[in-house]
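Coordinate analysis (summary)
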Amino acid sequence: MQLKTNEIYKDHFKGKTYNITTFGCQMNEHDSERISYLLEDIGYKKTENRDEADLILFNTCLVRENAELKLYGQVGSLKRLKEENPEKIIVVSGCMMQTSVAREVIEKKHKEVDIIFGTKNINSLPDLLFRYLESGERVIDISEDNVKDDYVNYNSKNNFQAYVNIMRGCDNFCSYCIVPQSRGREESRRPSHIIEEIENLVREGYKEVTLLGQNVNSYGNKSDFNVTFPELLEKCAQIDGLKRLRFTTSHPKDLSDDLIKVIKKYDNICNYFHLPMQSGSNKVLKDMNRKYTKEKYLERALKLKEEIPGISISTDIIVGYPTEDEEDFIETLDVCKKVGFDSAFTFKYSPRPNTKASKLTPINDMIVQDRFDRLLDTLYPIFNEKNKEYLGKTVEVLLESESKNNREVLTGRTDTFKLVHVKADNSLIGKFVKVKITDHTSFTISGDLIS
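Every value quoted in this text rests on a predicted model; they were computed, and no experiment measured them.

Here we take up the overall build of the protein chain. Helix and strand counts for the protein chain come out as 15 helices and 19 strands. Expected size for 451 residues packed as a compact globule is a radius of gyration near 22 Å; at 22 Å, the protein chain falls within 12% of this value. In terms of its C-alpha atoms, the protein chain occupies a principal-axis envelope of roughly 60 × 55 × 50 Å. Each of the 451 residues in the protein chain was classed as buried or not, and the buried ones make up 55%. Long-range pairs, those at least 24 residues apart, make up 74% of the contacts in the protein chain with a sequence separation of at least 6.

Here the focus is the pattern of salt bridges. The full count for this structure, using the stated rule, is 28 salt bridges. A salt bridge links Lys265 to Glu234; its shortest N-O distance comes to 2.9 Å. On the criterion of sequence distance, the pair formed by Lys265 in helix H11 (residues 257-265) and Glu234 in helix H10 (residues 229-237) is long-range, its members being 31 residues apart. Since its relative accessible area comes to 56%, Lys265 is described here as exposed.

The next point concerns the sheet that holds strand E15 (residues 394-402). Read around the closed barrel, the 5 strands follow the order E15-E16-E17-E19-E18; overall the barrel is mixed. Neighbour to neighbour, the strand axes of the sheet diverge by 55° on average, direction disregarded.

With that settled, the discussion passes to the side chain of Glu208. By the secondary structure assignment, Glu208 is in strand E10 (residues 208-212). Looking at Glu208, its side chain comes within polar contact range of the side chain of Arg244, at 3.5 Å. For Glu208, the side chain forms a polar contact with the side chain of Arg246, separated by 3.5 Å.

With that out of the way, let us pick up the packing of aromatic side chains. Counting across every chain of the model gives 11 aromatic pairs. Each ring, one from Tyr272 and one from Phe417, has its centre 4.7 Å from the other, and the planes form 25°; the classification is stacked. Of the two residues, Tyr272 sits in strand E12 (residues 272-274) while Phe417 sits in the loop between strand E16 (409-413) and strand E17 (419-423), which places them 145 residues apart along the sequence. With relative accessibility at 13%, the residue Tyr272 sits in the buried group. Geometrically, the ring pair formed by Tyr380 and Phe443 is edge-to-face, given 5.0 Å between the ring centres and 85° between the ring planes. Within this pair, whereas Tyr380 is found in helix H15 (residues 365-388), its partner Phe443 is found in the loop between strand E18 (432-440) and strand E19 (445-450), the two being separated by 63 residues in sequence. Using a relative accessible area of 33% as the deciding quantity, one classes Tyr380 as partly exposed. Pairwise contacts between aromatic rings join Phe13, Tyr18 and Tyr44 into one cluster. The positively charged end of Lys393 is found above the aromatic ring belonging to Tyr390, 5.8 Å away from the centroid.

The subject of this paragraph is the pairing of E10. Along E10, 5 of the 5 residues are buried, which leaves the element largely enclosed by surrounding structure. Judged by which residues are buried, E10 turns out to be covered on both faces: Glu208, Thr210 and Leu212 on one side and Val209 and Leu211 on the other are all buried.

Sheet strands line up and pair through hydrogen bonds in the backbone, either parallel or antiparallel. Read across the sheet, 3 strands follow the order E12-E13-E14 without closing on themselves; strand pairing throughout is parallel. The sheet is open, and its two borders are formed by E12 and strand E14 (343-348), each paired with just one other strand. Direction aside, neighbouring strands of the sheet carry axes that sit 10° apart on average. Pairing geometry for E12 and strand E13 (residues 312-319), over 3 bridges, is parallel. When the sheet's bridge partners are listed, Tyr272 is paired in E13 with Ser312. Set on the sheet, H15 makes contact with E13 and E14; between it and E14 the angle comes to about 175°.

Moving on to the packing of H10 against H11. In the contact formed by H10 and H11, the axes pass within 8 Å of each other and the chain directions differ by 15°. Judged on the interaxial angle alone, H11 and H10 are roughly parallel. Of the two possible hands of crossing, H10 and H11 adopt the one that is left-handed. Contacts between H10 and H11 pair Phe229, Pro230, Leu233 and Glu234 from the former with Asp258, Leu259, Val262, Ile263 and Lys265 from the latter. Of the residues belonging to the contact of H10 with H11, the class tally is 6 nonpolar, no polar and 3 charged.

A few words on the nonpolar core. Grouped together as the largest cluster of nonpolar side chains are 60 residues, with contacts concentrated most on Ile198, Leu211, Phe229 and Leu233. Among the elements that make up this core, the one with the highest residue count is H15 (6 residues). Membership of the second largest hydrophobic core comes to 23 residues, among which are Phe58, Cys61, Val75 and Val92.

Here the focus is the packing of helix H14 (residues 326-339) against H15. Remark: H14 packs on H15, axes separated minimally by 10 Å, with the N-to-C direction vectors making an angle of 10°. Here H15 runs roughly parallel to H14, going by the angle between their axes. Facing H14, whose interface residues are Glu326, Phe329, Ile330, Leu333, Cys336 and Lys337, H15 presents Arg371, Arg374, Leu375, Thr378, Leu379 and Ile382. Among the residues making up the contact of H14 with H15, the classes are represented as 7 nonpolar, 1 polar and 4 charged.

Okay, H15 next. The end-to-end C-alpha distance of H15, which contains 24 residues, comes to 34 Å, matching closely the 34 Å that a straight helix rising 1.5 Å per residue would cover. Residues of H15 that are buried: Val368, Arg371, Phe372, Leu375, Leu376, Thr378, Leu379, Ile382, Phe383, Lys386 and Asn387. Residue Asn364 occupies the N-cap position of H15, its side-chain oxygen lying 2.8 Å from the main-chain nitrogen of Met366.

What counts and how
- Numbering of residues begins from 1 in every chain and follows the order in which that chain's sequence is written.
- With the structure being a predicted model, the display of local features is reserved for residues of pLDDT at least 70 and the display and counting of side-chain atom pairs for 80 or more, all residues being used for whole-chain, interface and lining totals.
- Calculation of side-chain values draws on the structure's entire complement of heavy atoms; hydrogens and water are dropped beforehand.
- Helix and strand labels come from DSSP, where a helix needs a run of H or I of at least four residues and a strand needs a run of E of at least two; each type is numbered from the N terminus.
- With the radius of gyration taken over C-alpha atoms, the globule rule is written as 2.2 Å times the number of residues to the power 0.38.
- We call a residue buried when its accessible area falls under 20% of the maximum for its residue type, exposed when it is over 50%, and partly exposed in between, using a 1.4 Å probe and counting protein chains only.
- When checking whether two residues touch, look at their non-hydrogen atoms; a contact exists if any pair is within 4.5 Å.
- We define a salt bridge as a side-chain nitrogen of Lys or Arg found within 4 Å of a carboxyl oxygen belonging to Asp or Glu.
- Strand pairing is assigned whenever DSSP identifies at least 2 bridges connecting the two strands.
- Simply put, an axis is a line fit to the C-alpha atoms, just over the touching stretch for a helix, and the angle between two N-to-C directions goes from 0 to 180 degrees.
- Polar contacts, as counted here, are pairs of nitrogen or oxygen atoms within 3.5 Å of one another; within protein the pair requires one atom able to donate a hydrogen and one able to accept it, and residues that are adjacent in sequence qualify only if both atoms are side-chain atoms.
- Centres within 6.5 Å make a pair out of two Phe, Tyr or Trp rings, where for Trp the six-membered ring is used; the pair is then stacked when the planes are under 30 degrees apart, edge-to-face when over 60, and tilted otherwise.
- Placement of a positive charge over a ring is assigned whenever Lys NZ or Arg CZ falls within 6 Å of the ring centre and within 35 degrees of the normal to the ring plane.
- Orientation labels follow simple angle bins: below 35 degrees gives roughly parallel, above 145 gives roughly antiparallel, 65 to 115 gives roughly perpendicular, and whatever is left gives oblique.
- In this scheme, a crossing is called left-handed if the near helix is turned counterclockwise away from the far one by less than a right angle; it is called right-handed if the turn is clockwise.
- Residue polarity is assigned by list, with Asp, Glu, Lys and Arg as charged and Ala, Val, Leu, Ile, Met, Phe, Trp, Tyr, Cys and Pro as nonpolar; anything else, Gly included, falls into the polar class.
- By nonpolar core we mean a set of buried residues, namely Ala, Val, Leu, Ile, Met, Phe, Trp, Tyr and Cys, connected to one another through side-chain atoms within 4.5 Å.
- The span you would expect from a helix comes to 1.5 Å times its residue count less one.

Rendered as structure tokens:
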């Protein structure tokens, strides 16, 4: 279903340019793709030059304090640009704007921002722009209720990979996390809508689809349709012509044997699983309200490895949660060694407003930094050994882009989500190729293209 765009918008915006800066996770990247579609549908064209853009938009993340501070700095740097070019439109959207604390900072301290909207108001963007042009005054649109299943087809960041939302929101209420406030309560899309969207993408030539949700494993739990996530994943895998199928993110407490069986059954479901651990201490996991134990996490991770040989597992780890002591941290290192993660997103704990953990006394920064450094010292050799296993092997790679450091080198991913560097012509971007692996680091593997 295409959006019905008022033609008057196109008279105003035809030929204008826009630039988007995205902070945060794949869900935010997906939202930015939706925003790009809406802007281009009313006449805007994308530019990588922020200073020259007619519309500058920041799609924000509130999960980590670092992203919040970056936003304030980057928005503030546009004050002079706005003074010199009053017709420029500056927009801030996303998770930060969905919560009152961050939104108030933008409202009060950054008068250069013209439009503010939240995660649940993306489809209203054309109307917000027109309202701003008509009034010349700041426009703010923040919905407190989850919007219904009003997804539309739109272009993705390239013409061979796409994200597909299967659900919104989260009901887990981890003590450190603000997502239930910024994204709302859990709501699943209808299976038929998801299948139809993926079928359309495949017909258009897309080769890889990633299913998105804050906790995909709980898909369908509160719905009026009787479909679980393993059942949905199987329906998606059976779509004729879909070469690769991924999903993220999974909550360990909901990882079922049925899901493992489906992944094992279908060759086009990638052998990669992102399983956030956060901590290896039962005490800290309880304080975080994660609803599983160290033992349960290990059992699930090792079951994946046993049932699906060669699967790669990545994770999230928070260091320095306020109730974490040295013994708790050692427990986290123990899990890292026993699982043997292929990669990990590691974070130093940062308090988020209006969360339960924000009321706790933080740990000394020097102690947190020491633990963080020791965590990386533990993880990097594991990553290196996991990548070393690929030496001499021939792998299939979907080439995605030119390397940032060498335009003669292309980068892509294996089905196990390993980042591969290979010297190849950029005409191969978007295609599957065979690469024989000849070298590795802790973070990448590289090799020679096989004709």
